[in-house]
Amino acid sequence: MRAYAAVVLAGGSARRMGGRDKLALPVGGVPMRERVLAAVADAAPRILVGPGPAPAGVRLTRETPPGGGPVAATAAGVALLDADVSAVALLAADLPLLTRLAVGELLHHLDQPGIDGVCHVDRSGRRQTLCGVWRPAALRTALDRLTRRRGGELAGAPLRELLAGLAVREVAWYGDGPPPWFDCDTERDVRRAEEWAR
């Protein structure tokens, strides 16, 4: 398996859960953010973007401004990548069902020439862009372009605007178990993930 880094975005406000730290909620006895970090335990470095806490061995940073959205968080995480990193998993921190196998499948497809990134796609054809792997050089170019377009302000920018123009391969999930991109935005989602994790 190729070497890769991981950037895990954990700066959301969890408005649908009353603003509490939903990422600390356990699924299968383990907080969601720790489950995502465990799925990329072989990544180096692992970077958590958000208020933390971060486990030992995980770099912690924060987007500017705090709560500035996924593009600002992506920029903060990419800024901490080592120059020789050739692939980075870009992941939401509320994907408690993410597995190493799912990440490995994405990395396998990134090896194809002419591809800037790979992400899972659900049955309706919707890209799950925060369950994907990317070439850091392509992300840096896209961030620079978007920064210029928006007059230096990335806060509030939609992720689809950042990734527009990149060559993205979409990968359906055929593995056993629940889809790895299942995210927990509500209490009901957490309960459903807990049932799947048993």
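Everything below is about the structure shown above.
Read on for a plain summary of the structure. (Residues numbered from 1 in each chain as written. Predicted model: local features only at pLDDT ≥ 70, side-chain atom pairs only at ≥ 80, totals over all residues. Heavy atoms only, no water.)

1. Thoughts on the nonpolar core
- Judged by nonpolar contacts, the single largest core of 31 residues is most densely connected at Y4, V8, V40, L91, L98, V118 and V133.
- When residues of this core are traced back to their parent elements, those giving at least two are β1 (5-9), α1 (32-39), β6 (88-92), α3 (100-110) and β8 (127-134).
- Looking at this core element by element, the count peaks at five residues for α3.
- When residues no more than four places from it in sequence are discounted, the contact partners of V40 are Y4, A6, R46, L91 and V103. (Core = buried A, V, L, I, M, F, W, Y, C linked by side-chain atoms within 4.5 Å. Buried < 20%, exposed > 50% of the residue type's maximum accessible area, 1.4 Å probe, protein only. Helix = DSSP H or I, 4+ residues; strand = E, 2+ residues; numbered from the N terminus. Contact = heavy atoms within 4.5 Å.)

2. With respect to the pairing of β1
- Within β1, five of the five residues are buried, which leaves the element mostly enclosed by the surrounding structure.
- Going residue by residue along β1, you find A5, V7 and L9 tucked away on one face and A6 and V8 tucked away on the opposite face as well.
- Two elements, β1 and β6, share five bridges in a ladder whose sense is parallel. Considered in β6, the bridge of L9 is made with A92.
- Where β1 and strand β4 (residues 46-49) come together, four bridges link them in parallel fashion. When the sheet's bridge partners are listed, V8 is paired in β4 with L48. (Pairing = 2+ DSSP bridges.)

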